[in-house]
Amino acid sequence: MSEFSGKDLYQIKITLIDSKPLIWRRLIVLKTIPLDELHMVIQLAMGWTNDHLYSFEKGDLRYGMIMDDFKETYLQDSTGVPLSKLLRKKGEKMVYLYDFGDNWDHCILLEESSLPDQELLQLPICIKGAEACPSEDSGGLWGYYQKLKDIQDVDNPEREELHEWLMCDIAERAYDLKTINQRLINFYS
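Residues numbered from 1 in each chain as written. Predicted model: local features only at pLDDT ≥ 70, side-chain atom pairs only at ≥ 80, totals over all residues. Heavy atoms only, no water.

1. Digging into the sheet that holds strand β3 (residues 24–30)
For sheets, the rule is that strands pair by backbone hydrogen bonds, running either parallel or antiparallel. Taken in spatial order, the 8 strands of this open sheet run β6-β5-β4-β7-β8-β2-β3-β10, and their pairing is mixed. Only two strands of the sheet have a single neighbouring strand rather than two, namely β6 (76–77) and β10 (125–130). The sheet contact formed by strand β4 (residues 54–58) and strand β5 (residues 61–64) spans 4 bridges and is antiparallel. Bridged to F56 within β5 is Y63. (Pairing = 2+ DSSP bridges. Helix = DSSP H or I, 4+ residues; strand = E, 2+ residues; numbered from the N terminus.)

2. Brief notes about unusual backbone geometry
In this structure, P21 follows K20 across a cis peptide bond, with omega equal to -5 degrees. Along the chain, the position of P21 falls in the loop between β2 (9–16) and β3. Here L123 and P124 are connected by a cis peptide whose omega angle stands at -10 degrees. Summarising the element assignment, P124 is placed in the loop between β9 (118–120) and β10. Here the phi dihedral of D99 falls at roughly 75 degrees; this positive angle occurs in a residue that is not glycine. Residue position: D99 is located in the loop between β7 (93–98) and β8 (104–112). Of note, N103 is a non-glycine position whose phi angle comes to about 55 degrees, a positive value. As for its position among the elements, N103 is in the loop between β7 and β8.

3. Considering the pairing of β8
Both β2 and β8 contribute to a ladder of 6 bridges, which runs antiparallel. Within β8, the residue paired with I12 across the bridge is L110. Relative to β8, β7 runs antiparallel, the two sharing 6 bridges. Across the sheet, the residue bridging to L97 is D105, located in β8. What sits between β7 and β8 in their antiparallel hairpin is a turn of 5 residues, with D99 showing a positive phi close to 75 degrees.

4. Section: the nonpolar core
Side chains of nonpolar character tend, in soluble globular proteins, to be buried together. Within the largest apolar cluster, 38 residues are counted, with the highest numbers of intra-cluster contacts made by I12, L35, L38, F56, L83, M94 and I108. I108 has contacts with I12, K13, I14, I42, F56, L87, E92, K93, M94 and Y96, leaving out every residue within four places of it along the chain. Counting residues in hydrophobic clusters, the runner-up holds 7 residues, among them L9, L115, L120 and I125. (Core = buried A, V, L, I, M, F, W, Y, C linked by side-chain atoms within 4.5 Å. Buried < 20%, exposed > 50% of the residue type's maximum accessible area, 1.4 Å probe, protein only. Contact = heavy atoms within 4.5 Å.)

5. Side note on the pattern of salt bridges
Under the criterion given, the structure shown has 7 salt bridges. Residues E172 and R183 are paired through a salt bridge, measuring 3.3 Å at the closest nitrogen-oxygen approach. Residue E172 is found in helix α4 (residues 170–173), and its partner R183 is found in helix α5 (residues 177–188); the two are separated by 11 residues along the sequence. (Salt bridge = Lys/Arg side-chain N within 4 Å of Asp/Glu carboxyl O.)

6. A look at α5
The end-to-end C-alpha separation of α5 is 17 Å, in line with the 16 Å expected for 12 residues at 1.5 Å each. Every buried residue of α5 is accounted for by I180, N181, R183 and L184. Down the axis of α5, the buried set is contained in an arc of 150 degrees. They therefore lie on one face. Tucked into the core, α5 has its buried residues touching β3, α1 (35–46), β10 and α4. (Expected span 1.5 Å × (residues − 1). Arc of directions from axis to C-beta.)

7. Re the environment of K89
Along the chain, K89 turns up in the loop between β6 and β7. Take K89: its relative accessible area is 59%, and that puts it in the exposed class.

Right, dumping it as C-alpha cells:
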C-alpha cells in the first residue's frame, strides 16, 4: 500500500457519450499521467481491446498516437503529455475518441482536482462505474444498438451467430470492479 499526496491526484469520470443506460468509469489517477498511458488505462477500465487509433481533444488541442502510415496533420503526439495540460480545474471536460471509424466518443470530466491524502493499493484505480462496453467493430453506438435489436428478432436467421459474437468477450467488457483493477495491476506490474 502506498500513500499519495492528494494534491497530485485527479478523480476523473469517463462516460461513453450517448450510451443509454450510461456506460462510465470513475478513476483516480496521477494528474501527471501521460495521455498515452491514460489511453491504456481507459482501454483496461472500459474493456476495449486497443486495436484502434485514439485522440484526446480539448478546444484546439488534439493529441493521439502518431503512426508513420497514418499522419493526421491536426494530431500531436500524446506520448509524455500530462493529463494536467488539458484538465486543470474541477468541472473541466475533454473528449477521448477511440476508433476513428466507429467513433466511440467519451467525455472525460475532472470531478476532483485535489483529493485528501490517502493510502491506495494501486494507482491508477477504478473506484466505480456502470454497464458493459459495446462490442468493438460493431459500427459505433448506433450499430451496436441495432445488433442488440437484431438478436431480439426471433425471425432473424443470423440471430444465434450475432448473439455469440456479441457475447464472446463480455467478460472483458462487463463492469466488474475487481476485474478492472486486476487488469490495471497487471498492466503496471
